[in-house]
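In case you want the letters, here they are:
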Amino acid sequence: MKAKDRRLQVLRAQIPEVTPEEARALQADSAVLLDVRERDETLQGVAEGAVVLGRDFLELNIEDVAPDPERCVLVMCGSGVRSLFAAEGLRQMGYRDVRSVAGGFNRWKDQGLPFHIPKVLSADSRARYARQILLPEVGERGQQKLADARVLLIGAGGLGAPAGLYLTAAGVGTIGVLDHDLVDRSNLQRQIIHTDARVGQPKVESAREALVALNPSVRVQTHPVRLSRENVEDVFSGYDVIVDGSDNFPTRYLVNDACVHLGLPNVHGSILRFDGQVSTFWPAGPDGGPCYRCLFPSPPPPELAPSCNEAGVLGVLPGIVGLLQATEVLKLILGIGHTLVGRLLCFDALNMHFREFNFDKDSTCAYCGSGPFPGYVDYGKFCDASA
Amino acid sequence: MRACGWVLMTNRVSVVAERVTLLIPAALRMHCDGADTLAVNAGTVRAALAAAGKDHAALVQHILTRTGELRPFVRVFVRNNDVRGLGGLDTALNDGDTVAIVPSVAGG
Ligand SMILES: [Zn+2]
């Protein structure tokens, strides 16, 4: 008899074994099921509810999964051999009720017990996103969430340019770009997604070229249209997060109303001269919170509302504000940190001040209140008529 | 008494003139000679705006309607909170408070 087999005999005498069915029942009774196979093996499938914890780091990571040494731990490998060795290691660490799943994942699968094929990142993705996968708040799971996310940029301009580039770099899987305009040389001072060579091209096409060049795995969906109450719901319905980087009030109110109606988070950024504003409006989100109309019930009349075309803007300003928006988007997708829901962040570039202001839901707001959706309006008229 | 911003005079209640700072956004600085802050003495937001309006009428016209109400596209924050959730324009000011004026802007 080989040494290995002698050792196995000893372990079998010490470590209780359970059948896959028994393991499944124990799982329902609060036992934790550990899968100690190699990464490549788990690509073929993982038992439902199992925690994949490689054998190499089992002892180092077990306490994150099962901090209580009294808890029943079920160990599974491919065929039920390596799990005996792993179980022995856990017993030595003080886990008292450790059992090995006889026959391993192969028998689990053969017996028709539930399993799933894990979504895993390709080797290219693991290399590309290595620095953010390292962050426990992101990890491979978070990276997968980013890959599954669909983000729509309203405007491929000063705000959309940096937001789009960084979100694409970070691995957001689908980026929508909505803009009806062409690249103009006067855009290039701040709209860094475009290039001198692409002056005169549709902005959405120019943006697509930049984004795909940066990260070929991104899916770019272009919308070379002017957003209107007729097309807004069609366009928005394929997205999880809306980034408002538009450059006029009618579009901003339309974006707000559609986001409120569809329950989508609206990551808002706006700029003028040296000042920027950022907030996240998501009345349907977990924290509730106000909408854009709660903050500004109506826009300034046109004569009091200079645009960047008339009033000017410092080129770096939309870079900063657009990246604050991108940061909000990543947090929303990953479900980490605290967003700007209920807070308006104001950036004053001249004095390098960031100030944060709190505001509440407006109990009289017709759009995000409890009443029925009031419907879309004629946004041009709405903005011309305000005083 | 002073802490709450009011003081009893012989036969009437008068607002104490606290020293406060108005923060002026870049979009409105052209209406106050480019100043990014204005120091005024006032006991309420309304009084602070009135004090600023003495030298900078156009600035205040951008913030208040003709009838003296806050315009719906301008927010005012005292101690970082929206005055609509405090006492509106009658929100009392403490010595050293900052009153931030934030207009809606649409640039992108
Ligand atoms: Zn609202």
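Scoring rules and cut-offs
- Residues numbered from 1 in each chain as written.
- Chains lettered and ligands numbered in written order.
- Predicted model: local features only at pLDDT ≥ 70, side-chain atom pairs only at ≥ 80, totals over all residues.
- Heavy atoms only, no water.
- Contact = heavy atoms within 4.5 Å.
- Buried area = accessible area lost by both parts, 1.4 Å probe.
- Salt bridge = Lys/Arg side-chain N within 4 Å of Asp/Glu carboxyl O.
- Polar contact = N/O pair within 3.5 Å; in protein donor to acceptor, adjacent residues only side chain to side chain.
- Helix = DSSP H or I, 4+ residues; strand = E, 2+ residues; numbered from the N terminus.
- Nonpolar A, V, L, I, M, F, W, Y, C, P; charged D, E, K, R; others polar.
- pLDDT = per-residue confidence, 0-100.
- Buried < 20%, exposed > 50% of the residue type's maximum accessible area, 1.4 Å probe, protein only.
- Domains from an automatic or database assignment.

Draft legend 1. Region of interest: the interface of chain B and chain A. The interface of chain B with chain A comprises 26 residues on the first partner and 40 residues on the second. A buried area of about 2,500 Å², summed over both sides, lies between chain B and chain A, and 58% of it is on carbon and sulfur atoms. Looking at the side of chain B facing chain A, the largest losses of area belong to Phe73, Val105 and Gly108 of chain B, adding up to 23% of the total buried there. Where chain B touches chain A, the interface holds 1 salt bridge. In this structure, Asp348 of chain A and Arg29 of chain B form a salt bridge, with 3.2 Å as the shortest nitrogen-oxygen distance. At the boundary of chain B and chain A, one finds 15 residue pairs in polar contact (both at pLDDT 80 or more). Secondary-structure elements contributing two or more residues to the side of chain B that touches chain A are strand 5 (74–78), strand 6 (81–82) and strand 7 (98–103) of chain B. Each residue belonging to the side of chain B that touches chain A can be placed in one class, and the counts come to 14 nonpolar, 6 polar and 6 charged.

Draft legend 2. The arrangement of the confidence of the model for chain B in detail. Averaged over chain B, the pLDDT score is 88; the fraction of residues at 70 or greater is 85%. With pLDDT under 50 throughout, residues 1–13 of chain B is counted as low confidence; its partners more than four residues away or in other chains account for 18 contacts.

Draft legend 3. Structural view of helix 9 (residues 139–148) of chain A. Those residues of helix 9 of chain A lying buried are Gly139, Gly142, Gln143, Gln144 and Leu146 of chain A. Packed against the buried residues of helix 9 of chain A are helix 8 (130–133), helix 10 (160–170) and helix 16 (316–334) of chain A.

Draft legend 4. Representation of the domain arrangement of chain A within the structure. With domains assigned, chain A is organised as domain 1 (3–116) and domain 2 (149–386). One C-alpha centre belongs to domain 1 of chain A, the other to domain 2 of chain A, and the line joining them spans 48 Å.

Draft legend 5. Representation of unusual backbone geometry. All names here are of chain B. One non-glycine residue, Arg79, lies in positive phi territory at about 50°. Positionally, Arg79 belongs in the loop between strand 5 and strand 6. Its identity as a non-glycine residue notwithstanding, Asn80 has a phi of 70°, on the positive side. Assignment of secondary structure puts Asn80 in the loop between strand 5 and strand 6.

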